[in-house]
Amino acid sequence: MRIYVFKRVLSALFVMWAVATIVFFAMRVIPSDPAMVMLGDHASDAALERFREQLGLNRPLLGQYGAFLSELVRGNLGTSTITGRSVAREIATAFPYTLSLALASMVVGAVIGIPLGVWTALHRNSVSDYAGRIFALIGFSFPAFYLAVILLLIFSLQLGLFPIVHTPDADAGIVRHLHLLVLPSVSLGLIQAGFITRLTRSSMLENINSDYVRTAYSKGLADRVVNFKHVLRNILIPVVTAMGLYTGTILGGAILTETVFNRPGLGKLLIGAISQRDYALIQSGLMVFSFIIVIVNLMVDIIYTVIDPRVNYE
């Protein structure tokens with residue numbers, strides 16, 4: 001297991017380096033001059049040159065790349081050209097909000113999707129099966145921002161159970177934070193629940209007719225033991241894999257969800273950076289989003305060994 005984890009960590013570090021390299025060069029091939037964009041067409045040549053020197057844009061490209069990697073390893077993501085504050089600090093301030101939203105959404109998706117998928121598979125072609133499949137289809141088809149607006153209209157405007165503006169107060173308690181997290185996490189989690197329900201149901205149907213299930217029944221094991229101890233354990237690997245791969249979709253949905261609920265987070269920070277053309281913040285924001293996906297998939301790979309100890313790197 002240690003060798004497996006070590007190799008997976010090395011693989012993840014290589015992917016993170018590749019992502020950082022792609023983001024760096026992608027930002028440099030944009031057909032515009034950041035100095036001209038930031039200072040405007042009427043800026044003097046001297047001002048433009050000072051700005052390029054301040055950002056290191058007048059250095060050779062490979063020199064910029066070397067400095068970029070050196071600062072990245074030390075955790076220095078540069079300075080925002082709009083606010084003048086450290087980009088690392090700006091991201092660190094917004095990151096907990098996006099992380100809590102993503103984790104809560106995954107919990108909502110797993111808590112609803114896995115049991116519902118198992119139930120619909122075990123009651124195939126029943127009324128509850130059709131209802132579960134319709135729920136999965138609707139949840140999988142709904143755009144995140146549209147569901148967020150519907151939840152706001154029902155639970156905030158009509159019922160008054162939640163505030164319309166979900167800006168958390170740093171001095172508020174954990175209960176207040178969880179209260180503000182309910183609607184955003186449900187709007188993202190229901191979409192993931194639809195996806196997990198469909199995957200769990202199809203995996204269960206594929207496994208319950210397998211030879212090892214018939215062998216388990218021939219030994220006299222009860223339905224509950226066969227379904228939840230043997231079949232469910234086997235289908236968890238593809239389900240957990242799908243949840244890891246779905247992280248990118250959740251983060252993409254988080255950008256819209258944070259905007260709709262006026263909630264701070266990396267998505268809202270990145271949207272603001274793009275609208276203000278804050279190149280340092282855009283570059284770092286894209287890397288952080290990519291690193292999160294790599295880390296989540298690394299965690300999923302490690303979870304494999306917990307679910308099935310037979311899993312190895314080969």
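Let me sum up the structure you'll find in this document.

Parameters at a glance
- Residue indices follow the written sequence of each chain, beginning from 1 at its first position.
- It should be noted that, the model being predicted, local features are given only for residues of pLDDT at least 70 and side-chain atom pairs only at 80 or more, the latter also being counted only at that level, while totals for whole chains, interfaces and linings use all residues.
- Hydrogens and waters are ignored; side-chain quantities use all the structure's heavy atoms.
- A run of H or I in DSSP becomes a helix once it reaches four residues, and a run of E becomes a strand once it reaches two; helices and strands are each numbered from the N terminus.
- The contact definition used throughout considers only heavy atoms, calling two residues in contact when any of these lie within 4.5 Å.
- Each helix should span, by expectation, one fewer than its residue count multiplied by 1.5 Å.
- Note on classification: 1.4 Å probe, protein chains only; a residue is buried when its accessible area is under 20% of the maximum for its type, exposed when over 50%, partly exposed between these limits.
- Comment: arc refers to directions from the helix axis out to C-beta atoms.
- Each nonpolar core is a collection of buried residues, namely Ala, Val, Leu, Ile, Met, Phe, Trp, Tyr and Cys, held together in the definition by side-chain atoms within 4.5 Å.

### Here we look at the side chain of Thr200
Along the chain, the position of Thr200 falls in helix H8 (residues 174-207). Apart from the residues within four sequence positions on either side, Thr200 is in contact with Gly113, Ile114, Gly117, Val118, Ile235 and Val239.

### What to know about helix H4 (residues 61-73)
Relative to the 18 Å expected for 13 residues at 1.5 Å per residue, H4 spans 18 Å between its end C-alpha atoms, a close match to the ideal helical length. Within the span of H4, buried status applies to Gln64, Tyr65 and Phe68. Taken end-on, H4 shows its buried residues confined to a sector of 100 degrees, consistent with a single buried face. More than 90 degrees from the buried face of H4, the exposed residues found are Leu62 and Val73. On the buried face of H4, the contacting elements are helix H1 (2-28) and helix H13 (279-307). Gly75 occupies a position one or two residues after H4 and carries a positive phi of about 80 degrees.

### What about unusual backbone geometry?
Note: most peptide bonds trans; most residues except glycine with negative phi. Backbone geometry places Asn125, a non-glycine residue, at a positive phi of 65 degrees. Position of Asn125 among the secondary structure elements: in the loop between helix H5 (87-122) and helix H6 (127-141). Asn125 gets classed as partly exposed once you look at its relative accessible area, which sits at 48%.

### What about the nonpolar core?
The biggest cluster of nonpolar side chains holds 35 residues, and the ones touching the most others in it are Ile91, Leu266 and Met287. Secondary structure elements with two or more residues in this core: H1, H4, H5, helix H11 (247-260), helix H12 (266-276) and H13. If you tally residues by element for this core, the top one is H13, at 15 residues. The contacts of Met287, once residues within four sequence positions are left out, are Ala20, Val23, Phe68, Leu72 and Leu77. Of all hydrophobic cores here, the second largest spans 33 residues; its members include Ile191, Met204, Leu205 and Val226.

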